[in-house]
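What the coordinates show
Chain by chain, the residues run as shown.
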Amino acid sequence: DKHDAFTVGEVFTDRTEDIPIFIGDEGHFSTMFDFEETIFGKSDKGWYDAKPITPDDYKKCCFTTQKRVGDLGYISTIIENHDEPRGVSHYLQCCDINDDSKKLLGTMQFMMKGLPFIYQGQEIGMENTDFKGMEEIDDISTIGEYKVALEAGLSPEEAFNAVKKFSRDNARTPMQWDDSKNAGFTTGTPWIDVNPNYTKINAKEQIAREDSVFNYYKKLIALRKEYEIIVYGDYNLLLPEDKDLFVYERSLDGKKFLVACNFSEKEREFDFGVAKNGKVLINNYKDFSLNNKKLRPFEAVVVWC
């Protein structure tokens with residue numbers, strides 16, 4: 001208090017009654033991270049026994065937090081951090097990882113109630129690296145989980161394939177600035193190898209390309225600054241039983257907007273209803289019409305109603 005500091009709690013709890021203790025008016029922190037999606041599918045046995053997360057699982061995790069927190073405090077949303085694999089590789093593991101699907105994840109995160117955190121490289125769509133063997137991994141957690149998998153009876157190859165996708169080193173590879181040696185990160189020798197895809201995914205290319213993931217994130221940030229409803233508005237999930245469509249409303253002082261995302265590789269029929277007369281604030285495809293009554297693969301649309 002004496003420093004008027006803004007603090008963020010790294011809190012793991014599923015008890016609603018704990019929320020005010022951490023982020024209520026008299027809570028310990030200004031906000032806390034939402035780890036509902038992060039811990040989904042984890043097993044007490046180890047990483048090798050983890051359950052892959054589906055789009056439907058991801059949706060339920062997001063809504064669980066939004067509903068649980070409500071007005072008890074202010075939550076912070078994340079897709080990835082230094083202790084997790086790259087979000088696009090984790091949450092899109094059953095899907096096609098491309099610019100459209102990366103933008104969809106960003107839309108879902110930024111349009112929910114709460115404070116979105118961007119981890120370095122997320123804004124240019126950095127992905128998990130393709131480790132070839134345990135000798136390339138320095139993360140102590142991954143090394144430990146590899147041993148756990150071996151002790152559970154997995155072969156060295158099976159154990160490695162089971163843990164590499166969860167390795168924290170996926171998010172710790174050097175930042176990919178450009179397509180020069182070591183991705184422009186250093187002229188020396190980095191502590192861990194650069195992701196080989198840096199020649200295609202790097203900040204220089206992303207900044208220069210108008211339809212890039214980077215420039216899409218800039219638009220999302222601009223919307224949050226322009227529309228107070230995105231920051232403070234109420235959250236209402238629509239079509240909760242649909243396994244592919246992630247649709248929700250945000251409302252504040254009689255104003256409302258609709259977020260519609262097709263979290264699948266197939267086109268889906270969708271009627272925008274009264275929102276078809278609204279204003280499209282952002283869309284991750286170049287061409288879009290509210291009269292189309294459909295959402296293309298990984299399409300994300302935000303409409304001011």
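Residues numbered from 1 in each chain as written. Predicted model: local features only at pLDDT ≥ 70, side-chain atom pairs only at ≥ 80, totals over all residues. Heavy atoms only, no water.

What about the environment of Leu 252?
Worth spelling out the cut-off: Helix and strand labels come from DSSP, where a helix needs a run of H or I of at least four residues and a strand needs a run of E of at least two; each type is numbered from the N terminus. Two residues qualify as a contact provided that any one of their heavy atoms is within 4.5 Å of a heavy atom in the partner residue.
Among the secondary structure elements, Leu 252 is positioned in strand E6 (residues 245-252). Along the primary structure Leu 252 and Ile 230 are separated by 22 residues, whereas in three dimensions their C-alpha atoms are 8.9 Å apart. Leu 252 has contacts with Glu 228, Ile 229, Tyr 232 and Gly 233, leaving out every residue within four places of it along the chain.

Some points on the nonpolar core
Note the cut-off: Joining through side-chain atoms within 4.5 Å is the link that ties buried Ala, Val, Leu, Ile, Met, Phe, Trp, Tyr and Cys residues into a set, and such a set is a nonpolar core. When accessible area is computed with a 1.4 Å probe and restricted to protein chains, residues below 20% of their type maximum are described as buried, those above 50% as exposed, and intermediate ones as partly exposed.
Membership of the largest hydrophobic core comes to 35 residues, with the highest contact counts inside it found for Tyr 58, Leu 105, Met 111, Phe 246, Tyr 248 and Phe 263. Discounting chain neighbours no more than four positions away, the residues touching Phe 246 are Tyr 58, Lys 59, Cys 62, Met 108, Met 112, Tyr 235, Leu 237, Val 259, Ala 260 and Cys 261. Of all hydrophobic cores here, the second largest spans 12 residues; its members include Phe 131, Ala 159, Phe 166 and Ile 192.

As for empty space enclosed by the protein
Rule in force here: The distinction between a cavity and a pocket rests on a 1 Å grid over the protein atoms alone: a 1.4 Å probe fits inside a cavity but cannot get out, while a pocket stays open yet meets protein on both sides within 12 Å along at least five of seven lines, and a residue with an atom within 4 Å of a point counts as lining. Grid points are joined across faces, edges and corners, and a volume is the space filled by probe spheres set on the points. Gly is put with the polar residues, along with every residue not named as nonpolar or charged; the nonpolar set is Ala, Val, Leu, Ile, Met, Phe, Trp, Tyr, Cys and Pro, and the charged set is Asp, Glu, Lys and Arg.
Applying the stated criterion to the full structure yields 3 cavities of 30 Å³ or more. Residue lining of the largest cavity: Thr 38, Lys 42, Ile 78, Ile 79, Glu 80, Glu 84, Pro 85, Arg 86, Gly 87, His 90, Tyr 91 and Phe 166, and that is the complete set. Considering only enclosed or pocket space, the second largest cavity measures out at about 50 Å³ in volume. Along its surface, the second largest cavity is lined by Ile 79, Glu 80, Gly 87, Val 88, Lys 102, Leu 105, Gln 122 and Tyr 217. Residue assignment for the lining of the second largest cavity shows that the elements contributing at least two residues are helix H3 (87-91) and helix H4 (99-111). Along the lines of polarity and charge, the residues of the lining of the second largest cavity split into 4 nonpolar, 2 polar and 2 charged.

Things to note about the packing of H4 against helix H8 (residues 213-226)
Rules: Every angle, taken between N-to-C directions, lies between 0 and 180 degrees, and every axis is a line fitted to C-alpha atoms, over only the stretch in contact when it is a helix. Under this scheme an angle from 65 to 115 degrees is roughly perpendicular, one under 35 degrees roughly parallel, and one over 145 degrees roughly antiparallel; angles in between are oblique. It is the rotation of the near helix from the far one that decides the hand of a crossing: anticlockwise by less than a right angle makes it left-handed, clockwise makes it right-handed.
The geometry of H4 relative to H8 is characterised by a closest axis approach of 10 Å and an angle of 20° between their N-to-C directions. Taken as axis vectors, H4 and H8 run roughly parallel relative to one another. Considering only the axes of H4 and H8, their crossing is right-handed. Contact with H4, carried on its side by Asp 99, Lys 102, Lys 103, Gly 106, Thr 107, Gln 109, Phe 110 and Met 111, involves Val 213, Tyr 216, Tyr 217, Leu 220, Ile 221, Leu 223 and Arg 224 of H8 and no other residues of that element. Of the residues contributing to the contact of H4 with H8, the split by class is 8 nonpolar, 3 polar and 4 charged.

Some points on the layout of surface pockets
Computed from the structure, the largest pocket encloses a volume of approximately 290 Å³. Lys 103, Asp 211, Asn 284, Tyr 285 and Lys 286 are, among the 14 residues lining the largest pocket, the residues nearest its centre. Top contributing element to the lining of the largest pocket by residue count: H4, with 3 residues. Residue classes in the lining of the largest pocket are distributed as 3 nonpolar, 3 polar and 8 charged.

Some thoughts on the pattern of salt bridges
Counted only if it meets this: Salt bridges are counted wherever a side-chain nitrogen of Lys or Arg sits within 4 Å of a carboxyl oxygen of Asp or Glu.
In this structure the tally under the stated criterion is 24 salt bridges. Arg 209 is paired through a salt bridge with Asp 211; the nearest N and O atoms lie 3.1 Å apart. Judged by its relative accessible area of 24%, Arg 209 falls in the partly exposed class. Here Asp 211 falls in the partly exposed class, since its relative accessible area comes to 30%. Across the pair Arg 296 and Glu 299 runs a salt bridge, and its minimum N-O distance is 2.8 Å. With respect to class, Arg 296 is no different from Glu 299; both count as buried. Salt bridges here are not isolated pairs; linked through shared partners, they connect Asp 99, Glu 205, Arg 209, Asp 211 and Lys 286.

Examining the environment of Glu 37
Structurally, Glu 37 is set in the loop between strand E2 (31-33) and helix H2 (55-69). What Glu 37 contacts, discounting residues up to four positions off in sequence, is Ile 53, Tyr 58, Cys 61, Cys 62, Thr 65, Ile 78 and Tyr 91.

Quick look at the sheet that holds E2
This is how the line gets drawn: Here, strands pair whenever DSSP counts at least two bridges between them.
Read across the sheet, 4 strands follow the order E1-E2-E3-E4 without closing on themselves; strand pairing throughout is parallel. Across the chains shown, the open sheet's two edge strands, defined by having one partner strand only, are strand E1 (8-9) and strand E4 (115-116). Here strand E3 (residues 75-77) runs beside E4; their pairing, made up of 2 bridges, is parallel. Paired with Ser 76 across the strands is Leu 115, a residue of E4.

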